[in-house]
Amino acid sequence: EAQFTQVISAAGGTALGDQALAGRADVNLWQGDWAAAMSDAQAVGDNDMTFQLQYYDLDFPDSNEMMFRQASLPWREYTVAGSFMEDYYTTTGDPRMEWRTNPDDPITMVNNLTFLVQMKFTEFTSPHTLASGWEMLLVQAEAILRGQGSGDFNDAMTLINQVHTRNISDNDSNPLPAVTAANATEAWEALKQERRIELWGENRRFGDLRRWQIQSAPGVQPMENMSGRSLCFPMGTTEVNTNQGVDEATYKINADNATRFP
């Protein structure tokens, strides 16, 4: 947070300043400081702003790993078959969830699954978005649902639909229809769904599910119900074995439910 603040102080009003504002808004989101998160998100002036991690087509550690894992060279380890993405894209044509078949390699190398290729990352050099202006609208929407600003769920839905309806359906070339909500709980569900779609593949989902569970956020969590599940990754055996003072028995993993005990 302090480092983002330094950049904002030095580069406020520039593209770099907007990137730092978005980064600090995300930090405040994870810390639960919703007034600060909303203020920073509102200050980002460009919805199309992105702050991205760049990849290079040099060697495995330098390339986009999701693309690497689905490339027929010959890995084919990653498919969206059977996932939320498969049916959602077929139904809506939302370009953020686009996938295609691969007639030359119809089956994955692992478990012989139908090989459906995600289209968000199509090159080894496809960048990974760490923060964006469109995401900032969703940060503002969640802040409103948490009592900031007007606190009116309808205002949150307006922001959610700015993100949603900007997308043109691949099915009919029309903007995606607006999402509706009759009450605050339904607005929460719309927010959770939109973050799920907008930030797909950007390593936010587990963190979102975890914080919503801890904070008892209203509404059904799409795809995952974290109730009764561990909200932390167990300490790995290698870490236990290489660090003095860590008792392996204390950090055993229950293979049945992946929770840490005692």
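In the block above lies the structure referred to throughout.
Remember, it's a predicted structure, so these values are computed and weren't measured experimentally.

Conventions used here
Each residue is numbered by its place in its chain's sequence as written, counting from 1. Since the coordinates come from a predicted model, pLDDT governs what is reported: local features require at least 70, and pairs of side-chain atoms require 80 or more to be given and counted, while whole-chain, interface and lining totals use all residues. Each side-chain value is worked out from all heavy atoms of the structure, with water and hydrogens disregarded. Helix and strand definitions follow DSSP, with helices as H or I runs of at least four residues and strands as E runs of at least two, each counted in order from the N terminus. For every residue, the accessible area obtained with a 1.4 Å probe (protein chains only) is divided by the maximum for its type, and the residue is called buried under 20%, exposed over 50%, and partly exposed between those limits. Each accessible area is a Shrake-Rupley result for a 1.4 Å probe, and residues are judged covered by the shown protein chains and nothing else. A fitted line through C-alpha atoms represents every axis, and for helices the fit uses only the stretch in contact; the resulting angles, taken between N-to-C directions, go from 0 to 180 degrees. We call two directions roughly parallel when the angle between them is under 35 degrees, roughly antiparallel when it is over 145, roughly perpendicular when it lies between 65 and 115, and oblique otherwise. Whether a crossing is left-handed or right-handed is set by the direction in which the near helix is turned from the far one by less than a right angle, anticlockwise for left-handed and clockwise for right-handed. When checking whether two residues touch, look at their non-hydrogen atoms; a contact exists if any pair is within 4.5 Å. Grouping buried Ala, Val, Leu, Ile, Met, Phe, Trp, Tyr and Cys residues that are joined through side-chain atoms within 4.5 Å yields what is termed a nonpolar core.

Caption draft 1: Fine view of the overall build of the protein. Along its length, the protein carries ten helices and four strands. Each helix and strand of the protein, placed in order from N terminus to C terminus, yields the pattern α-α-α-β-α-α-β-β-β-α-α-α-α-α. Here the C-alpha coordinates of the protein stretch approximately 55 × 50 × 40 Å along the principal axes. Going through the 262 residues of the protein one by one, you find that 39% of them count as buried. With the model as given, the accessible surface of the protein reaches about 14000 Å², and the carbon-plus-sulfur share is 50%.

Caption draft 2: Representation of the packing of helix α8 (residues 184–198) against helix α9 (residues 205–214) within the structure. In the contact formed by α8 and α9, the axes pass within 10 Å of each other and the chain directions differ by 160 degrees. Comparing their axes, α9 and α8 come out roughly antiparallel. Seen along the crossing, α8 lies across α9 with a hand that is right-handed. In this structure, α8 uses W188, K192, R195 and R196 to contact α9, whose residues at the interface are R205, D208, R211 and W212.

Caption draft 3: Fine view of the nonpolar core. With 36 residues, the main nonpolar core has M136, L145, I160 and L191 as its most contacted residues. For this core, the secondary-structure elements that each account for two or more residues are α2 (15–31), α3 (34–43), α6 (133–145), α7 (153–165), α8 and α9. Ranked by residue count, the leading element in this core is α6, at nine residues. Look past the residues within four positions of M136 in its chain and what remains in contact with it is A22, A25, D26, A41 and V44. Counting nine residues, the second largest nonpolar core, distinct from the first, contains V80, M85, M97 and W99.

Caption draft 4: Region of interest: unusual backbone geometry. Here L73 and P74 are connected by a cis peptide whose omega angle stands at 5 degrees. Of note, S216 is a non-glycine position whose phi angle comes to about 55 degrees, a positive value. With respect to the helices and strands, the residue S216 is situated in the loop between α9 and α10 (237–242). Judged by relative accessible area, which is 61%, S216 ranks as exposed.

On their own, these measurements won't tell you what the molecule is for.
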